Amino acid sequence: MGETRKIALTVNGTRHEAEVEVRLTLADFLRHTLGLTGTHLGCEHGVCGACTILFDDLSARSCLMLAVQADGHAITTVEGLAPSPDKLNPLQEAFRDNHGLQCGFCTPGMLTTLTEFLRDNPNPTEQEVRIAISGNLCRCTGYQGIVAAALDAAKRLQGLPPSPVQHGH
Amino acid sequence: MKPPPFSYHDPRTVADAVALLGRLDNAKLLAGGQSLMPMLNMRFVLPDHIIDLNRVEGLSFIRESNGALEIGAMTRQRELEFSDLVRRRCPLMHDAILEIGHRQTRNRGTLGGSLCHLDPSAELVSVAAALDATVTVQGPNGTREIKFADFPAGYLTPAIELNELVTAARFPLWPEGHGYAFVEFARRHGDFAIVSAAALLTEDASGKITRASVTLGGMGTAPVRATAVEQALVGNVPDDKLLRDACESCRTFEALDDVHAPAAYRQHLATVMARRALEQAHVRLPSAGKATAH
């Protein structure tokens, strides 16, 4: 093991302390040290967006950060989005109802990206949603279901009734 | 796809960072990490030391002073994107920022990181060229200023010493009511541009162009100013023919020939993107609507 450092950070509201190798990425720290494998690693060089987390409430690619850089900061991963283990949040429910995922690999990054986006832009246009997720690659859905889910989630988060897209299959 | 071993340093002051740079061999500065971290993960770079600037105080600011925007090197692209000052006083920079990567990368990426990584297609690098920016660097003997025209030393290489770091850049402001546009051609939203163009214009009461700045990104190893186009416009009222003829000169710039596009295609795109940027910039001048061009 190379050079290490002690870090203390908050992940999904829980404080953690650990001694980490300084070259360890934040993504590998979350997955391997803390066992939070909801954060996915697709490309490991900042292209696919699957590893997106919220770093002090702002989206970031955890494969492009070091764990030591998170010392003293607050991280939210996909595991921190749902209100309880048996209940999804409105964005997650909209994904389920709109076929916003198939294999689910890109979903953690999509959800964290859209959590920040819908907080900053609660009533977006379809074009704005497409730009917001342009840094997250999905190889199953063709994006249509994800865009529909994001627009539906915006309505749910504003207290409007859900309006899932009806799929013809 | 994991970073190689290195020693990690996270200084709190610029002076400490400069001292580390002077003392350590084969050290790399880590700013927002949106270029260096992929290069580490892929082991394109193998530094013995990483000097992380994210905890250095005093490098994140945006202020107007003496007719210029002064921006700290560690100012995030996100902060530039949401800055009222930038949007109001330097709308070219605001428009260019929206073309940089994605929300997740702009939340981390910094001005200083973009300038020093010096990707030939990088938006902030083109903006610095378009506005004749000045880069401030600090080394063991104090600070010095480098005109942006002298800043690129080669591909991905800024003209700074190994013991110097960029602390800020000054972007001279254009007068209220100037025309501006930043356009780029990329295969997908957020990709690096194959060719980009930045245009700035001012005019007199009769609609004649009094000052022009045209910059092409993605052509060679650094952005280039299309001075022939600038000269062809000044003193004239632009119309379709003038813009088309003037931008034809962009075809003669040297261009990269790579997997994304052959040189001849980039040269063709340069004529098109320069014209589109100028058309947009011209429409944003006060004479728009009165002019004959459209």
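Rules behind the numbers
- Residues numbered from 1 in each chain as written.
- Chains lettered and ligands numbered in written order.
- Predicted model: local features only at pLDDT ≥ 70, side-chain atom pairs only at ≥ 80, totals over all residues.
- Helix = DSSP H or I, 4+ residues; strand = E, 2+ residues; numbered from the N terminus.
- Rg over C-alpha atoms; globule rule 2.2 N^0.38 Å.
- Buried ≥ 20, exposed ≤ 12 C-beta atoms within 10 Å, placed from the backbone.
- Contact = placed C-beta atoms within 7 Å.
- Pairing = 2+ DSSP bridges.
- Domains from an automatic or database assignment.

Asker: Tell me what's going on with the overall build of chain B, and back it up with residues and numbers.
Answerer: Looking only at helices and strands, one finds eleven helices and 14 strands in chain B. In terms of overall size, chain B behaves like a compact globule, its C-alpha atoms giving a radius of gyration of 20 Å where 294 residues would be expected to give roughly 19 Å. Among the 294 residues that make up chain B, the fraction classed as buried is 49%. Here the analysis covers contacts within chain B between residues at least 6 apart in sequence; of these, 63% occur between residues at least 24 apart.

Asker: Which residues make up the pairing of strand S6 (residues 134-139) of chain B, and what values go with them?
Answerer: Residue and element names in this part refer to chain B. Taken together, the six bridges between S6 and strand S7 (residues 142-147) define a ladder with antiparallel strand orientation. Bridged to Gln138 within S7 is Thr143. The turn linking S6 back onto S7 is made up of two residues. Sheet topology note: the S6/strand S10 (residues 165-172) ladder contains five bridges and is antiparallel. Each residue of the ladder has a partner; that of Gln138, found in S10, is Leu165.

Asker: Explain the pairing of strand S13 (residues 209-217) of chain B residue by residue, including any values.
Answerer: Here is the key point about a regular strand: its side chains alternate between the two faces of the sheet. All names here are of chain B. In terms of burial, S13 is largely enclosed, as seven of its nine residues are buried. Pairing geometry for strand S12 (residues 195-203) and S13, over eight bridges, is antiparallel. Bridge pairing in S13 links Glu203 to Ile209. If you look at the hairpin formed by S12 and S13, you'll find five residues sitting between the two strands, and Gly207 has a positive phi there, around 90°. Here S13 pairs with strand S14 (residues 224-225) via two bridges, running antiparallel. Looking at the pairing, Thr215 lines up with Arg225 of S14. Linkage of S13 to S14, two consecutive antiparallel strands, is achieved through a turn of six residues, within which Gly218 is found at a positive phi near 85°.

Asker: Which residues make up the domain arrangement of chain B, and what values do they have?
Answerer: All names here are of chain B. Looking at the assigned domains, one finds that chain B contains domain 1 (6-51 + 59-173) and domain 2 (179-283). Between domain 1 and domain 2, the C-alpha centre-to-centre distance is 25 Å. Residue-level contacts link 20 residues of domain 1 with 18 residues of domain 2. Contributions of two or more residues to the side of domain 1 that touches domain 2 are made by helix H5 (91-97), helix H8 (123-130) and strand S8 (152-154).

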